[in-house]
Amino acid sequence: MYSGYIVVQDSSWSLHAVDLAINPDVLLYCKNFRIQQSYKLLSPGISVPEKSVFTFTIKEGNRTIQGSTEIIYSDYSINQKIPSQTFTSEIKEYQENALDKDSVWWTQYRPNSLTDNEYKFDRKIDSLSAYYNSDEYIFKTDSTVNHIDIWNVLYEGITHVNRNKQTMVFITPLLMQVNPFGIGGYRHNLGIVYAKRFSNDFLFETEQNINFGFANSDIRGKAGFGLTYVPKKSVRTFIRFGDYYSMVNTNASISSIISRSNYARTKTASISQRMELINGLFGELTFTYSDQTPINNMKMDPWSNEIFGEINKPLEFTRYIKSELQLELVYKPFQKYVMKKNRKIILGSNWPELSFMWRKGIPHIFNSEVNFDYVEAGIRDEMKLARWGRFSWQVLGGSFVNKKNLKLLEYKYFRGSDKIFFSSPVRSLQLLGPTLSSSSAFFQFNCIHHFEGTITDKIPFMSRLKIGLAAGGGGLWMEENRFRHGEVFGGIERVFRIRRQLFRLGIFAVTSDNNINKADFTFKIGINMYNSYSRKWDY
């Protein structure tokens, strides 16, 4: 692992100096890395570092970057009792004026004077920092985001940012505005998002969506606005209201998600309160009032019956009022973070994410007619397994512990499968059949592993094609009808780019079995999209 020298004083057998180089074969980022340290003897048996120098070389394409870091130690405290809460998940904290120190301050407190080259580099960095915060540069960077072309209009959406005013406006792309399969026929949707961050790091957010149906001449929509007013604890209040056609199952299959049987009319108003309770534990409490109405009295487009058949018949139910309280908890153990002025910057955690949800249908409040309690708990994670690829999994379970007055729209729904399309394998099953619902207990698990070239890159022909392998599976158990379902899949994938968007196309072989239908086997095609903001794939 290391090669070099370790110097020990023969009189005291104390460590005097080290000069070690790390084996280049085990370095992933640097070409070489060297550690030089000198020590001094404070008292018999106690040898402490006096100075450390780290030198390294980085190879980036045709460029070779050489760097050096020097650390000088002083003010030693030996064998002090450290309080139990000294070391927490906080990686670092910036003082209020940490980013405002000028060159005079650094000259005063810097232990070593800068060399001529270091001084030139320091002046260059100061000049770049001044330029990056200038109105000219901010205008240029904003202009690249605010640039509008046919790709923005059709697919990505139109974004306008102003870094000086700390505002952002987003208008949905035409692909999301045009809805030929809307309730009653063609509907045109317009969605707008606006956000502004204030100098004290308060964040104001709004979201609006309005749509018009030509067949029934009806305007529907929803809107909301919220304010984050304790940034360090993510305390936010959000109010929503609207009159729109809501989906009964928001995770339905492609064939049923736009069928009329998956929709009801909802008049609603809600208020949500979110905050970070302790580090990594986020809670959100929401009260919702809804007026639920069937859509079977609307003028429907005749062609939809021919496409969707039986599943196109609107749900028949008696109009009812619902008052619901919902509590959601999400916990990321040992979450790392950085405190910077008024903001808490979350860096994530290597531990799985735990979730809990409780829904309470409250009778009599605002003439509410429902009375139920639903609890759900889950655990999920996505982990990089060194050079062996990336593994994603999720386990979810829940039950209605009280269903004195439980309406059909409040059931737990499971995504039905499509004939050809491979849906997200960490949230759905591929050969479940039609959409299922449950008013009892259930347990579901899903997983997928992307080998990311671990195997195929070692095969000459496959490495040229840049093809990767993926495999996974899932299962569902429901107390209702004692339903059992299990499946596994495997396939090949390839990443490609269209303009600025990355896609991962996959062809998968899927087989399943359950206690109602016969064993099944089929091939499916999946398209996975890359989110450049979160730097993650959909699955």
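Residues numbered from 1 in each chain as written. Predicted model: local features only at pLDDT ≥ 70, side-chain atom pairs only at ≥ 80, totals over all residues. Heavy atoms only, no water.

J.: How would you sum up the overall build of the chain? Please name residues and give values.
T.: Looking only at helices and strands, one finds eight helices and 29 strands in the chain. Considering the chain as a whole, with its 539 residues, one finds that 36% of them fall into the buried category. Nonlocal contacts in the chain, meaning residues at least 24 apart in sequence, comprise 51% of its contacts between residues at least 6 apart. Approximately 33000 Å² of the chain is accessible, and the part contributed by carbon and sulfur atoms is 58%. Taken together, the 66 basic and 52 acidic charged side chains of the chain have centroids lying 2 Å from each other. (Helix = DSSP H or I, 4+ residues; strand = E, 2+ residues; numbered from the N terminus. Buried < 20%, exposed > 50% of the residue type's maximum accessible area, 1.4 Å probe, protein only. Contact = heavy atoms within 4.5 Å. Areas by Shrake-Rupley, 256 points an atom, 1.4 Å probe, with all protein chains shown as cover. Lys, Arg positive; Asp, Glu negative; His and termini not counted. Charge placed at Lys NZ, Arg CZ, Asp CG, Glu CD.)

J.: Mind laying out the sheet that holds strand 17 (residues 336-340), listing which residues take part and the relevant values?
T.: Pairing within the open sheet is mixed, and its three strands lie in the order 6-17-18. Of all strands in the sheet, those bounded by a partner on one side alone are strand 6 (90-94) and strand 18 (343-348). In this sheet, adjacent strand axes meet at a mean angle of 15° when their direction is disregarded. Note: strand 6 against strand 17, four bridges, orientation parallel. Its bridge partner being in strand 17, Y94 is matched across the sheet by K340. (Pairing = 2+ DSSP bridges. Axes fitted to C-alpha atoms, helices over the stretch in contact; angles between N-to-C directions.)

J.: Break down the packing of aromatic side chains for me, with residues and values.
T.: Evaluation of the coordinates by the stated rule reveals 19 aromatic pairs. Centroid distance F489 to F508: 6.0 Å. Interplanar angle 90°. Geometry classified as edge-to-face. In this pair, F489 is assigned in strand 26 (residues 483-498) and F508 in strand 27 (residues 501-514), connecting sequence segments 19 residues apart. Neither residue differs from the other here; F489 and F508 are each classed as buried. Centroid distance F496 to F503: 5.5 Å. Interplanar angle 20°. Geometry classified as stacked. (Phe/Tyr/Trp six-rings, centres within 6.5 Å; stacked < 30°, edge-to-face > 60°.)

J.: Outline the side chain of Q292, supporting the account with residue identities and numerical values.
T.: Within the secondary structure, Q292 sits in strand 15 (residues 281-293). On the basis of relative accessibility, which here comes to 5%, the residue Q292 falls in the buried class. At a separation of 3.0 Å, a polar atom in the side chain of Q292 contacts the side chain of T266. Sequence-distant contacts of Q292, defined by excluding residues within four places in its chain, comprise S246, A264, R265, T266, F317, R319, Y320 and L409. (Polar contact = N/O pair within 3.5 Å; in protein donor to acceptor, adjacent residues only side chain to side chain.)

J.: Tell me about helix 3 (residues 135-146), and please be specific about residues and values.
T.: Here helix 3 contains twelve residues, and its C-alpha end-to-end distance of 16 Å stays within 8% of the 16 Å for a straight helix at 1.5 Å per residue. Within the sequence span of helix 3, burial applies to I138, D142 and N146. All buried residues of helix 3 project into a common sector of 65° when viewed along the axis, lining one side. Looking at the buried positions of helix 3, the neighbouring elements they touch are helix 2 (116-132) and strand 7 (158-162). (Expected span 1.5 Å × (residues − 1). Arc of directions from axis to C-beta.)

J.: I'd like to hear about a positive patch on the surface, residue by residue, with values.
T.: Together, K92, K340, K341 and R343 make up a region of like positive charge exposed at the surface. Relative to the elements of secondary structure, K341 occurs in the loop between strand 17 and strand 18. (Patch = residues over 30% accessible without salt bridge, like charges linked within 9 Å, V, L, I, M, F, W, Y side chains within 5 Å. Salt bridge = Lys/Arg side-chain N within 4 Å of Asp/Glu carboxyl O.)

J.: Give a detailed account of the environment of D291, specifying residues and quantitative values.
T.: Mapping D291 onto the fold places it in strand 15. Between the C-alpha atom of D291 and that of Q166, which follows or precedes it by 125 residues, the distance is 38 Å. In this view, D291 contacts R265, T266, K267, R319, Y320 and I321; residues no more than four positions away in its chain are not counted.

J.: Help me get a handle on the nonpolar core, residues and values and all.
T.: Formed by 22 residues in total, the largest nonpolar core has its most connected members in L409, F414, L432, F442, L476 and M478. If you list the elements that add at least two residues to this core, you get strand 20 (371-384), strand 21 (390-405), strand 22 (412-414) and strand 25 (467-478). When neighbours within four sequence positions are excluded, L476 is seen to be in contact with F414, L429, L432, F442, F443, Q444, F483, R484 and H485. (Core = buried A, V, L, I, M, F, W, Y, C linked by side-chain atoms within 4.5 Å.)

J.: How would you explain unusual backbone geometry if you had to name every residue and give the values?
T.: Phi at Q166 takes a positive value of approximately 55°, unusual for a residue other than glycine. By secondary structure assignment, the location of Q166 is in the loop between strand 7 and strand 8 (167-171). Judged by relative accessible area, Q166 falls into the partly exposed class, the value being 35%. Phi at F334 takes a positive value of approximately 55°, unusual for a residue other than glycine. Along the chain, the position of F334 falls in the loop between strand 16 (320-331) and strand 17. Overall, F334 belongs to the partly exposed group, its relative accessible area being 48%.

J.: Help me get a handle on the environment of N189, residues and values and all.
T.: You can see N189 is positioned in strand 10 (residues 187-197). A relative accessible area of 13% places N189 in the buried class. N189 has contacts with M176, Q177, N179, N209, I210 and N211, leaving out every residue within four places of it along the chain.

J.: Give a detailed account of the pairing of strand 15, specifying residues and quantitative values.
T.: One face of the sheet, then the other: side chains in a regular strand alternate in exactly this way. Note: strand 14 (residues 263-278) against strand 15, 13 bridges, orientation antiparallel. Each bridged residue has a counterpart across the sheet, and for I271 the counterpart in strand 15 is F287. Linking strand 14 back to strand 15 in an antiparallel pair, the connection comprises two residues, with G280 at a positive phi of about 90°.

J.: Lay out a nonpolar patch on the surface with the relevant residues and their values.
T.: Residues I420, I492, F496, I498, L505, I507, F521, F523, I525, I527 and M529 make up a contiguous nonpolar surface patch of about 970 Å² in total accessible area. Mapped by element, the contributors of at least two residues to the nonpolar patch are strand 26, strand 27 and strand 28 (520-531). With respect to the secondary-structure elements, L505 resides in strand 27.

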